[in-house]
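If you want the building blocks of each chain, they are given just below.
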Amino acid sequence: AAAMYASFDRSSWTCPRCSELNPWYAPVCVARGCDTDDPSRKRRISKSSHTMVFDTVERIKEKWHPQLNKALADAGAPYADGRLGGDVKSAARAMARQQNVDPLLKVLAVLAESPAAMAECCTHPFGNYTVQELLEAAGRMRVATVNHPTTAACLSAFRADNRGMDPLAAMLYSALPLVGKAYATSAVGTYVVQKLTDYATPDELCDIAERLIDDGLSIMLDNSGVYVMKRLFERIAQRCMGQQHRARAAQLSETLCAAVCEVPESLHPVLGAPELKLPPLCNALAMAVPLPHAAALVPRICARVGSLLRGKLGPVSVQLLLAARSPGWPGDAAAQAARREDPCGLGGAAAEAVPDARGAELLRDLVCVVASEMQGEMVSWVTSGDPRCVQLCSLLLERLAEDQETAWLDELTKELAENADQVLCHAEGERLLTRLLSFDVLETGRVDEHLMLIGMTAGDLVHPLADAVYVARASVPAPPPRRHPEPSPAQPDARLFIKDNVMHIVPSQQQQQHGAMFGGQPAYAGQQYQQQVPFMPGPPDSSGQQGAQGDAQMFMPTIGGMSPLNLIAGSTLFQGGQTWGQQYVQKVQQRMSWLSGGPLSFHFNVSNMYVVNKIFMLFAPFLRRWTYSRQPDQSNQHAHFLPPKADVNSPDLYIPTMALWTYVVGICFTHLLGHSYKPEVMYAAAWSGCWSWGVNALVMYVVLRAMSLPSSVPWMELLSYTGYSYVYACVIVGTGVLFGRTAYYVSWLYCAMCMAIFLVSTLKRAVFQEARNLGHDMSRVNYMLLALALWQLPYLFWLSNVKLPEVTLLSLPAAAAAGGAARVAARAAMDATGKGGGNAVADSLAGDRL
């Protein structure tokens, strides 16, 4: 197969008529007005047979022409239900009978020898579909020739007439002058260009890419052209990674990366379209690193990982970035096997990708930056219930294990182990922890420590997990040798910052001493970004205290060869005091245990993600994304439901408490704007806020009592639900201060409606279930919930009923300017009338206005 593809005559030819130098694949002279044939080719269709060319083109432009269908059927590709049937085997059987293939070869020869006919067919609404079918049939003939060399005899005459090219190559290079931005982004041409790449050889793929790559970025951003770039770079990554074509493919990919670097604003739409626009960039990045522009693109992508993770499609985009592996590196085994078996990529060992250690280091640094952005939120990602988030976490851990980043694996395992009671409640979390602890790069001692921590957190749930982990580790081979000489500079203790839309990494002090590099380049730009550590303690001994004691003893005198610290530590008085202190601490912990393990601690167990989602729920409770159904906690025998940190539908007391304090500060601020603030105002606002909170909770309890359901909602949850009113009160007061009285009333109506919807949607999940179990009248329950919803209107109005200032906060600069102008005008008027003593009156009037 390699010898057959290498037999193409790729030498340019000079026109004997006009002396124009033509590319080797041009069948006729490209000079305007000159239509001279290539002397090295023998035309199968004579120029005088215009009628035959015309008839062939008309058949192609006609939908499912009978004669064309018969030619395809004889070649082993019959039409069936409007689609091309058959396969490579049927094409090989047809090629064994040479006379059956001749009608199809004549049609292909018309397109190969007449670029004008090819252009006319490819741009026709129906003709482009027929051209795609012809390209498919020619591609099957190519694969059949490779798999069954005995069938190559039927194409010998065609090859002799076309510089050694088979029908697919002849059609491809006949259409190659058409390939460009205008054609790749058109509604019909894009399909033909995509079909050209399906059976193309590495050289042909690179030739197509060279025609497109100068406009690669604009084609990739086009809604039609993006399909061409996606298909093209997928094929290049599959077939052009061998040693013979790797350099050319890398240079083409580098050109695309350079275009993205030159237009930084193009990176945002590319990263935001993970299904279409991001795959070609990921493939180009994996093939081009460590070339300069691709290496410069990696820190720019790292700077946007954080914003990607917060987006709606962020997990999908980050998964594609994590899946970008340097070809030939560990983790690329499946692609390597596909390259060896691909007949269009020449197959065999010559098609295997050549690994590049420098490029693998750059992509490893990208993986570590993703780990740093997800650090601290792994539990939320794993327990979110979104399959995309779980897949992202799994892929991240797989990539860290491939690159042997044990520091990050230990850090993320510790984070999950500390919250194992939440993680093990989900089947996905249990599978993820099992896979994580089974990686061969983790030492057995570290795995035992993590399992002990999980046992302290999750109790008996650790036993099935430990059994699964040890069974999996028993079949794991020995850890492979290190793949990188140094770990990534983006370690858990490193500092990351963004400057000029580029991610910079400040390695830890230990890495700086070893010269840690970001992808082979200095990870920090100067001394101003380095952390200054004036004192480094000595290495600890087995007890972990030698460094601190040694530094303390450097400045102390000795008594009889012993320091005063050692004398005090050895005395009986010191030991007795230490024992008494430990007992006192234990007593205090027992007395304050209601803060750490009771219902109050449960309702304060929140996270940043929970607070953001809860506030979003409060102000948009009508969205369908909220289920309002609390998730049961199967791992804890004392708690019936998951804490707020793991379930956004769970009530909490953190947001109401913070909202109450913000409400008190807002009341004081309104008095400050009205020049009526006194220290007693804060005390009165805090007291009235707490009093109204209790009254609202009592009203809700009375409503539940009237429905004969007093035990459906506990008191702590009642306080949580009623405390959310202060969130709305803060928004209402702030809107009035900023935008005036009209905006105040609009925000009051909207917040009251949101509070009513939230309360009714939340309470009915618990109330309806108990009412049905007790056999209560559901109409009565509905009326009481409606009354509770209507109660929010006067309650929120009373809660946010403050005296708004005459001048809003946004119009305060304009009012100040008007007051100054009034002061100047008043002084000028008094001076004009000669009443100098009136300046005080004018100043007073202007001051009142201000």
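All of the points below concern the structure found in this document. As the structure is a computational prediction, the values presented were derived from the model and not from experiment. Residues take numbers from 1 onward in each chain, read along the sequence in its written order. Where local features are concerned, this predicted model is filtered to residues with pLDDT of at least 70; where side-chain atom pairs are given and counted, the filter is 80 or more; whole-chain, interface and lining totals use all residues. Side-chain measures here rest on the full set of heavy atoms in the structure, leaving out hydrogens and waters.

Once that is clear, we can look at helix H11 (residues 189-196). Of all 8 residues in H11, 7 are buried; the element is thus mostly enclosed. Three or more residues of H11 are buried, namely Gly 189, Thr 190, Val 192, Val 193, Gln 194, Lys 195 and Leu 196. The contact rule is simple, with two residues in contact once any of their heavy atoms fall within 4.5 Å. In this description a helix means any DSSP run of H or I spanning at least four residues, a strand means any run of E spanning at least two, and both kinds are numbered starting from the N terminus. Taken together, the buried residues of H11 touch helix H6 (115-122), helix H7 (127-147), helix H9 (167-175), helix H10 (181-184), helix H12 (202-212) and helix H14 (225-239). Under the scheme applied here, a residue whose accessible area is under 20% of the maximum for its type counts as buried, over 50% as exposed, and between as partly exposed, the area being computed with a 1.4 Å probe on protein chains only.

Time to look at the environment of Ala 478. Looking at the secondary structure, you find Ala 478 in the loop between helix H29 (462-474) and strand E5 (495-499). Residues Ala 478 and Asp 440 lie 38 residues apart in sequence; the distance between their C-alpha atoms is 6.7 Å.

This brings us to the pattern of salt bridges. Salt bridges are identified by distance alone: a Lys or Arg side-chain nitrogen within 4 Å of an Asp or Glu carboxyl oxygen. Within this structure, the stated rule accounts for 22 salt bridges. The salt bridge partner of Arg 248 is Asp 203, with a shortest N-O separation of 4.0 Å. Linking Arg 248 in helix H15 (residues 246-262) with Asp 203 in helix H12, this pair joins segments that are 45 residues apart in sequence. Classification of Arg 248 as partly exposed rests on a relative accessible area of 26%.

What follows covers the packing of aromatic side chains. Each Phe, Tyr or Trp ring (for Trp, its six-membered ring) is paired with any other whose centre lies within 6.5 Å, and the angle between the two planes then decides the class: stacked below 30 degrees, edge-to-face above 60, tilted in between. A full pass over the atoms with the stated rule returns 12 aromatic pairs. Note on Tyr 721 and Phe 758: the rings are 6.5 Å apart at their centroids and 70° apart in plane angle, and the pair reads as edge-to-face. Residue Tyr 721 is found in helix H39 (residues 715-723), and its partner Phe 758 is found in helix H41 (residues 741-774); the two are separated by 37 residues along the sequence. Here the two residues Tyr 721 and Phe 758 agree in accessibility, since each one is buried.

Where E5 meets strand E6 (residues 502-506), 5 bridges bridge the pair, whose relative direction is antiparallel. Directly across from Leu 496, in E6, lies its bridge partner Ile 505. Counting the residues between successive antiparallel strands, the hairpin from E5 to E6 contains 2 residues, one of them, Asp 500, with a positive phi of roughly 60°. Strand pairing is assigned whenever DSSP identifies at least 2 bridges connecting the two strands.

This next bit is on H14. Residue count minus one, scaled by 1.5 Å, sets the expected span of a helix. With 15 residues, H14 should cover 21 Å at 1.5 Å per step; its first-to-last C-alpha distance of 21 Å lies within 8% of that length. Within the span of H14, buried status applies to Gly 225, Val 226, Val 228, Met 229, Leu 232, Phe 233, Arg 235, Ile 236, Ala 237 and Arg 239.

Looking now at the state of the cysteines. For this text, the term disulfide refers to a pair of cysteine sulfurs within 2.5 Å. Scanning the entire structure with this criterion turns up 0 disulfides. Of the cysteine sulfurs around Cys 15, a residue in no disulfide, the closest is that of Cys 18, at 3.5 Å. Just so you know, Cys 389 is unpaired, no disulfide at all, and the nearest cysteine sulfur is the one on Cys 393, 7.0 Å from it. When its relative accessible area of 8% is taken as the criterion, Cys 389 is described as buried.

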